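Given next are the chains, with one letter for each unit.
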Amino acid sequence: SQTIHQWPATLVQPVGSPLSLECTVEGTSNPNLYWYRQAAGRGLQLLFYSVGIGQISSEVPQNLSASRPQDRQFILSSKKLLLSDSGFYLCAWGQGASSGANVLTFGAGSRLTVL
Amino acid sequence: KNEVEQSPQNLTAQEGEFITINCSYSVGISALHWLQQHPGGGIVSLFMLSSGKKKHGRLIATINIQEKHSSLHITASHPRDSAVYICAGQNSGNTPLVFGKGTRLSVIA
């Protein structure tokens with residue numbers, strides 16, 4: 001069966017420090033991978049998605065970047081965190097399909113507080 | 001631009017009540033997802049549907065393609081149903097979801 005792992009679960013970082021959130025998927029190959037953010041009191045916002053190794057699409061210009069060094073690994077990074085980067089970050093995967101839409105499975109989330 | 005609108009934003013119900021959450025979407029969306037976000041933040045996928053109706057336990061999701069509208073129903077609601085319910089549209093398998101803003105449901109015993 002497929003599983004998704006996301007870590008760390010909780011992170012408190014000072015402004016200006018770097019960030020690395022990691023997400024890995026097991027039990028499938030060539031998944032579509034997504035990073036979402038949910039700021040306090042707001043809905044889910046797509047940050048990045050990837051349909052293959054090295055292929056990253058950015059939805060919102062910001063202080064963050066994403067990389068996909070391996071098929072089932074998706075990393076969210078920042079060189080210098082801002083206060084506005086605080087939020088709940090969710091990784092998700094879906095099976096890329098030419099046949100149509102597919103169910104997404106979400107990781108447990110990473111709660112980032114920037115002080 | 002694909003858009004998804006959800007209503008109501010907040011909903012409080014007594015235990016046992018029948019609950020309906022609505023979602024309207026724009027053209028370009030071929031599938032509709034219903035997600036549940038628990039107080040701790042974790043999200044689970046409840047349904048994905050492109051037509052008709054799906055049922056799982058006390059949850060029922062319907063979609064009307066012509067009217068571009070979907071509803072999530074909860075029968076015999078229970079306090080453990082308290083969560084944020086999110087509607088999301090998807091154009092195709094390789095495109096990301098477009099999310100509604102969520103409906104915060106509180107079921108009171």
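Scroll up for the structure.
Since we're looking at a predicted model, the values are computed, not measured.

## Points about the layout of surface pockets
Now for step 1: Estimates place the volume of the largest pocket at around 1,300 Å³.
Now for step 2: In terms of lining residues, the largest pocket is bounded by 46 residues, among which A:Arg42, A:Gly43, A:Leu44, B:Gly100 and B:Lys101 are the most central.

## Quick look at the state of the cysteines
What we call a disulfide is simply a covalent bond connecting the sulfur atoms of a pair of cysteines.
Now for step 1: For the structure shown, the criterion picks out two disulfides over all chains.
Now for step 2: A disulfide bridge connects A:Cys23 with A:Cys91, and the sulfur atoms are separated by 1.9 Å. Judged by the sign of its S-S torsion, about -75°, the cystine formed by A:Cys23 and A:Cys91 is left-handed. Pair noted here: A:Cys23 is in strand β3 (residues 19-26) and A:Cys91 is in strand β9 (residues 87-95), with a separation of 68 residues, a long-range link.
Now for step 3: Overall, A:Cys23 belongs to the buried group, its relative accessible area being 1%.
Now for step 4: You can call A:Cys91 buried: its relative accessible area is 0%.
Now for step 5: Between the sulfur atoms of B:Cys23 and its disulfide partner B:Cys87 the distance amounts to 1.7 Å. Torsion about the S-S bond of the B:Cys23 and B:Cys87 cystine: about -55°, corresponding to left-handed handedness.

## Observations concerning the sheet that holds strand β1 (residues 3-7) of chain A
For sheets, the rule is that strands pair by backbone hydrogen bonds, running either parallel or antiparallel.
All names here are of chain A.
Now for step 1: The antiparallel open sheet is built from four strands, whose spatial order is β1-β3-β8-β7. The two strands at the open ends of the sheet, each matched to only one other strand, are β1 and β7 (65-70). Ignoring which end each strand starts from, the neighbouring axes of this sheet average 20° apart.
Now for step 2: Direction of pairing for β3 relative to strand β8 (residues 73-78): antiparallel, over a ladder of six bridges. In the strand pairing of β8, leucine 19 is matched with serine 78.

## Thoughts on the pattern of salt bridges
Now for step 1: Applying the stated criterion across every chain, the model contains three salt bridges over all chains.
Now for step 2: Among the ionic pairs, A:Asp71 bridges to A:Arg68, the shortest N-O distance being 3.2 Å.

## Re the pairing of strand β8 (residues 69-74) of chain B
All names here are of chain B.
Now for step 1: Of all six residues that make up β8, five are buried, and the element is covered over most of its length.
Now for step 2: Here strand β3 (residues 19-25) runs beside β8; their pairing, made up of six bridges, is antiparallel. If you follow isoleucine 21 over to β8, its bridge partner there is leucine 72.
Now for step 3: Between strand β7 (residues 59-64) and β8, which pair antiparallel in sequence order, lie four residues; one of them, lysine 68, sits at a positive phi of approximately 55°.

## A few points about unusual backbone geometry
Now for step 1: Cis peptide bonds are those with omega within 30 degrees of zero, and the linkage from A:Trp7 to A:Pro8 qualifies with 0°.
Now for step 2: Residue position: A:Pro8 is located in the loop between β1 and β2 (10-13).
Now for step 3: Cis geometry is found at the peptide bond from B:Ser7 to B:Pro8, where omega equals -5°.
Now for step 4: Counting through the fold element by element, B:Pro8 comes out in the loop between β1 (4-7) and β2 (10-14).
Now for step 5: One non-glycine residue, A:Asn30, lies in positive phi territory at about 50°.
Now for step 6: We classify A:Asn30 as partly exposed; its relative accessible area is 42%.
Now for step 7: Despite not being glycine, B:Lys68 shows a phi value in the positive range, around 55°.
Now for step 8: Assessed through its relative accessible area of 28%, B:Lys68 is described here as partly exposed.

About the criteria used
Residue indices begin from 1 for each chain and proceed along its sequence in written order. Working convention: letters from A go to chains and numbers from 1 go to ligands, in the order in which they are written. With pLDDT at 70 or above as the cut-off, local features in this predicted model cover only qualifying residues; side-chain atom pairs require 80 or more to be listed or tallied, and sums for whole chains, interfaces and linings still use all residues. As a rule here, side-chain values cover all heavy atoms of the structure and leave hydrogens and water aside. Points on a 1 Å grid over protein atoms alone make up a cavity when a 1.4 Å probe fits among them but cannot get out, and a pocket when they form an open set with protein on both sides within 12 Å along at least five of seven lines; lining residues each have an atom within 4 Å of a point. Grid points are joined across faces, edges and corners, and a volume is the space filled by probe spheres set on the points. The rule for a disulfide is simple: a pair of cysteine sulfur atoms within 2.5 Å. Where helices and strands are cited, they refer to DSSP runs of H or I of at least four residues and of E of at least two residues respectively, numbered from the N terminus. To sort residues, take the accessible area from a 1.4 Å probe on protein chains only and compare it with the maximum for the residue type: under 20% means buried, over 50% means exposed, and anything in between is partly exposed. One bridge is not enough; two strands pair if DSSP finds at least two bridges between them. Helix axes are fitted to C-alpha atoms over the stretch in contact, other axes to C-alpha atoms as well, and angles between N-to-C directions run from 0 to 180 degrees. For this document, the term salt bridge refers to a Lys or Arg side-chain nitrogen within 4 Å of an Asp or Glu carboxyl oxygen.

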